[in-house]
Structures are given as C-alpha cells and as structure tokens.
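# Structural features, examined
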Protein chains: 2
Amino acid sequence: MRESSQSAPAVAEAEAQPRLNRRQAAKVRTRQKVLDAARTLFAERGYDAATIRDIAKGAGMSTGAVFANFQDKAELFEAVFSEEMEGLLADIRTAAAAEGRVLDRLSNGLTAGYHRSLDHLPLMQAMVARSWFQPEDADLRSRAFVRPLVEAVAELLQAGVREGELRQDVDLPLLARLIWDVFISNFRFAAYDNWGIEELTPHIRKQLELILSSQLARQ
Amino acid sequence: MRESSQSAPAVAEAEAQPRLNRRQAAKVRTRQKVLDAARTLFAERGYDAATIRDIAKGAGMSTGAVFANFQDKAELFEAVFSEEMEGLLADIRTAAAAEGRVLDRLSNGLTAGYHRSLDHLPLMQAMVARSWFQPEDADLRSRAFVRPLVEAVAELLQAGVREGELRQDVDLPLLARLIWDVFISNFRFAAYDNWGIEELTPHIRKQLELILSSQLARQ
C-alpha cells in the first residue's frame, strides 16, 4: 500500500505548511492575472508605451486593483523580468546537466534557452531594450536576476577547468560574461532575420567553438 | 604668389559648385537645430518618452517647423542615428589605419570608438535600446547605417588574413559580427558600472585576444 508509506512526521510537516485561505488565494490569482496582462502588453508595446491603465484593462480589472498588487509599472516589469529569468535559468540548467564536454553542455544549455525564449521573443526584446535604458536602481535590481544565469555559465566553465578540459588560467568572469553577451546578442537575428531554432543552434555552437578553442587545455 | 597658383579651370569648377542662397542656408541651420535638440532629448529620455513637442521646444521652434523638416519622430531618430554611426565609423577607421598586427589595429579602432561614444553615452544607450524594439522597417534602415561598421571590422580581419597573420579559413562574417556585438555589449559597463576609457581599453583588448587567439595562423 503506497499511501501508508507516508510516515507520521511527513504528514505533520505537510500540515505545518502555510495554507492559503480563500482571500489569500484570490489575491494570488489577481496578482497572476495582472502579471499575465503585463507580460502581454510589454511584449506588444515595449516598456514605455505599456500603460498601467491598459494593463488593468487587459487583466479585466481596475487600475486600483493593479496598484493594490504593484507599486508602479517598474515593479510590475521587474516581476515579469524575474519570472522570465528564473524560467530561463531552469531550462538552461536542465539542458546542460548531462555529463559531457563543456562545449556540448554550454551549447545544449544555451540552445534550450533559445527554445524557451523564442516562444515569446517580443517580450525578450522588450527586456533587453529596457536593460539598455533604465534608471540605475532598476538596473541594479534587474542585474540581480541576470547574475545567476551568468554564474550558471561560469559554473559550467569551472567544471571544464576542474576536469582538465579547459586551461587552468581561464579568465572565468571575462569568459562567462562574453558568452552571455553573445547569447543575448543573437536574439537580434531571431527578431529581425526570422532566425528560428534551426539557425540559432548551429550559430551559438560555432561561436562557442570559436570562443572556447583557445581556452582548451593542451591534450 | 600662392594665390596665382589657383588655375582658371579650378576657379570655374569652384564657381560651378551649388551655393546655398540665404533661404536654403536658413533651412540647413533649422534642420541642424532640430537634430541637436532631438539628440539631447533622446539621450535624456530615450526614444519613446521624447516627444516632437518637446524636441520643438528644445530647438526653440514650433512643431510645424519640425515637421517641415522631418516626417515624424522615427525619421528624426534615424537622422541622429545615422550621423552618430558615420562619426563612429570615421573615428574607428582613423585609429585603425596605422600598420600593425590585426589585434592592435582592431583594439585601437574600437577603443577610439569608445572614446567618442562615452562623450554621449546616454544617446548610445538610447540607440541600442531602440535597436532591440523597433518596427521591422525601422530596423532595416538602421541596419544599413551599422553595416559599414561591421564591414570595417571585417576588412581589418581580412587584411590580417591577407598578410598571413590570421588563418585562411577564418569565418569572416561570424567573427566580425561577434566582435561588433561584444564591442556594443561593453557599453553596459560604462552605463551601469561607471567604466571609463581606462577600464574599457584593457577589457576590449582582452576580449579580442581571447577571440582572435584561435584564429591566428600557425607561425
């Protein structure tokens, strides 16, 4: 009987988890509805042209209800941005998890990132555009969401060093950041040259080969 | 007598040049005033938040006078963008003109680009931001202004191949575009980490070394 395998302490723990009452659950749903509407509008119009008024309209609620959940448009954008970066990180990590050469792991990870983000390319474009022209405090916060992604790249490179595939003197921060910048830059081909995953996959791989080949340990 | 060295045909040629009458000269000045005001406002607010109304105000003229020179904000932005790219190209070309290794020439050229653009960094940021979120037709046109810059990088690489410094099988378009993307990405450090020319100069050089070292011909 599988059910009985759940031990008494586990049950107690599960019951100790905070449970949402009806009101809290409604609040969570409202917040999510606002986020969905915001994501759609940022993708359609970009940050500046998306108004709280239209986001509220898209969510089917009053601007007051939006402001009950988010202080302003910047906070709303940040929430969308943070969700997106978390998803991207998860997908890259999963695809890069398999054992193998660092080139393959990076290439698989970043390709998975393209896979995910091509689904909502205009949102990605709006995010990159905003990252180039935003107040310094907003940049500080959005950078905190991007950091784990650059670190994930650095960790893959670090594994390559540890396993003797890459040189011991690799400049990890320089290399990780370079790879991240190249990964992001390629979205322009998707946005304006109609590149799909078929074009992006071999392209990022060629770029990685070029970037990494001087960093390989002499065999 | 130096004056007499000007031969009759040269004088005739000079006189055949179109000369601006007073009205035409005023039109040129007006256009330049609008462009200057637009440049200032795009740098301050970014593309979306800059209005024709405020650009006109900045230039000290009516919106009608602005529209007599430019069809809309997009055309105005393009004129500013095109001017900027032309200046950047000239500075990169000049600094990269000296004989030398391709690494030095590229490094000198791109550093000169930073020198120039750091003077009006917010404008540069506004331009990159816009390049990520603009209608396809605007992208097509703005890309025409950027192409000569990527080609200038490709020409420098090509010279390196010709002179036996770089491998014969270098993927020129891939490499030139990669270098350009990295050059642009670095402006974020200037924008948000207060990097000046002292930080950017060694950084782009390290990146170029990393990117080019696998592309060197075996000596």
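Residues numbered from 1 in each chain as written. Chains lettered and ligands numbered in written order. Predicted model: local features only at pLDDT ≥ 70, side-chain atom pairs only at ≥ 80, totals over all residues. Heavy atoms only, no water.

Looking at an unreviewed UniProt entry, one finds chain A named TetR/AcrR family transcriptional regulator, with Brevundimonas olei as its source organism.

## Description of helix α7 (residues 121–132) of chain A
All names here are of chain A. Here α7 contains 12 residues, and its C-alpha end-to-end distance of 17 Å stays within 8% of the 16 Å for a straight helix at 1.5 Å per residue. Within α7, 11 of the 12 residues are buried, leaving the element largely enclosed by the surrounding structure. Buried residues of α7: Leu121, Leu123, Met124, Gln125, Ala126, Met127, Val128, Ala129, Arg130, Ser131 and Trp132, and no others. (Helix = DSSP H or I, 4+ residues; strand = E, 2+ residues; numbered from the N terminus. Expected span 1.5 Å × (residues − 1). Buried < 20%, exposed > 50% of the residue type's maximum accessible area, 1.4 Å probe, protein only.)

## As for the packing of helix α11 (residues 197–212) of chain A against helix α9 (residues 172–185) of chain B
The axes of two packed helices give the description: the angle between them and the distance between them. Two elements in contact, α11 of chain A and α9 of chain B, have axes separated by 11 Å at closest approach and are oriented at 80°. When the axis of α11 of chain A is compared with that of α9 of chain B, the two are roughly perpendicular. Listed contacts from α9 of chain B to His203, Lys206, Gln207, Leu210 and Ile211 of chain A of α11 of chain A are Leu174, Leu175 and Leu178 of chain B. Its residues assigned to classes, the contact of α11 of chain A with α9 of chain B shows five nonpolar, two polar and one charged. (Axes fitted to C-alpha atoms, helices over the stretch in contact; angles between N-to-C directions. Parallel < 35°, antiparallel > 145°, perpendicular 65-115°, else oblique. Contact = heavy atoms within 4.5 Å. Nonpolar A, V, L, I, M, F, W, Y, C, P; charged D, E, K, R; others polar.)

## Brief notes about the environment of Arg29 of chain A
Looking at the secondary structure, you find Arg29 of chain A in helix α2 (residues 22–49). Spatially, the C-alpha atoms of Arg29 of chain A and Leu172 of chain A are 42 Å apart, while their sequence positions differ by 143 residues.

## Details of the nonpolar core
In terms of nonpolar packing, the biggest core is built from 139 residues, with Leu157 and Ile179 of chain A together with Leu157 and Ile179 of chain B touching the most fellow members. Sort the elements by how many residues they give to this core and helix α5 (residues 73–96) of chain A lands first, with 11 residues. Discounting residues that sit within four places of it in the chain, Leu157 of chain B has contacts with Val102, Leu106, Leu166, Leu172, Leu175, Ala176, Ile179 and Leu212 of chain B. (Core = buried A, V, L, I, M, F, W, Y, C linked by side-chain atoms within 4.5 Å.)

## Points about empty space enclosed by the protein
Residues and elements named next belong to chain B. Going through the model one piece at a time under the given rule, you end up with four cavities of 30 Å³ or more. Taken as a whole, the largest cavity holds about 80 Å³ of empty space. Looking at the lining of the largest cavity, the elements with two or more residues in it are α5 (73–96), α7 (121–132) and α8 (136–162). The element contributing the most residues to the lining of the largest cavity is α5, with four residues. (1 Å grid on protein atoms, 1.4 Å probe; cavity = no way out; pocket = protein on both sides within 12 Å on 5 of 7 lines; lining within 4 Å. Points joined across faces, edges and corners; volume = space filled by probe spheres on them.)

## Considerations on the domain arrangement of chain A
Residues and elements named next belong to chain A. Partitioning chain A into structural domains gives domain 1 (9–70) and domain 2 (72–215). Averaged C-alpha coordinates put domain 1 and domain 2 at centres separated by 27 Å. Counting residues at the interface gives 18 residues for domain 1, matched by 13 residues for domain 2. For the pairing of domain 1 and domain 2, the buried interface totals around 1,400 Å² over both sides, and the portion due to carbon and sulfur atoms is 71%. Looking only at domain 1, the three residues that lose the most surface to domain 2 are Phe42, Tyr47 and Phe70, adding up to 48% of its buried area. Remark: the boundary between domain 1 and domain 2 carries one salt bridge. In this assembly, domain 1 and domain 2 are joined by six residue pairs in polar contact (both at pLDDT 80 or more). Those elements giving two or more residues to the side of domain 1 that touches domain 2 turn out to be α2, α3 (52–59) and α4 (63–69). For the side of domain 1 that touches domain 2, the leading source of residues is α2, giving 11 residues. Residue composition of the side of domain 1 that touches domain 2, grouped by class: 12 nonpolar, three polar and three charged. (Domains from an automatic or database assignment. Buried area = accessible area lost by both parts, 1.4 Å probe. Salt bridge = Lys/Arg side-chain N within 4 Å of Asp/Glu carboxyl O. Polar contact = N/O pair within 3.5 Å; in protein donor to acceptor, adjacent residues only side chain to side chain.)

## Considering the packing of aromatic side chains
Scanning the model with the defined rule gives 20 aromatic pairs over all chains in all. Centroid distance Phe183 of chain A to Phe187 of chain A: 5.5 Å. Interplanar angle 75°. Geometry classified as edge-to-face. Within the aromatic cluster, the residues linked to one another by ring pairs are Phe42, Tyr47, Phe77, Phe81 and Phe145 of chain A. Across the ring face of Tyr47 of chain B, the terminal group of Lys73 of chain B is positioned such that the distance to the ring centre comes to 4.6 Å. In this arrangement the basic side chain of Arg130 of chain B is found over the ring face of Tyr47 of chain B, its NZ or CZ atom lying 3.6 Å from the centre. (Phe/Tyr/Trp six-rings, centres within 6.5 Å; stacked < 30°, edge-to-face > 60°. Lys NZ or Arg CZ within 6 Å of the ring centre and 35° of its normal.)

## Side note on the UniProt feature "DNA-binding region" (unreviewed entry) in chain A
Cross-referencing UniProt, the feature "DNA-binding region" (unreviewed entry) maps to residues 51–70 of chain A in the present numbering. For residues 51–70 of chain A, helix accounts for 75% and strand for 0%, while the C-alpha atoms at its two ends are 13 Å apart. (UniProt positions renumbered as here; feature names shortened; annotations may be inferred.)

## Comments concerning the pattern of salt bridges
For the coordinates displayed, the defined rule picks out 34 salt bridges over all chains. For Glu83 of chain B, the salt bridge goes to Arg39 of chain B, with nearest N and O atoms at 2.4 Å. With Glu83 of chain B in helix α5 and Arg39 of chain B in helix α2 (residues 22–49), the pair connects residues that are 44 residues apart, well separated along the chain. Overall, the relative accessible area of 30% leaves Glu83 of chain B in the partly exposed class. Where salt bridges share partners, they join Arg101, Asp104, Arg205 and Glu209 of chain A into one cluster.

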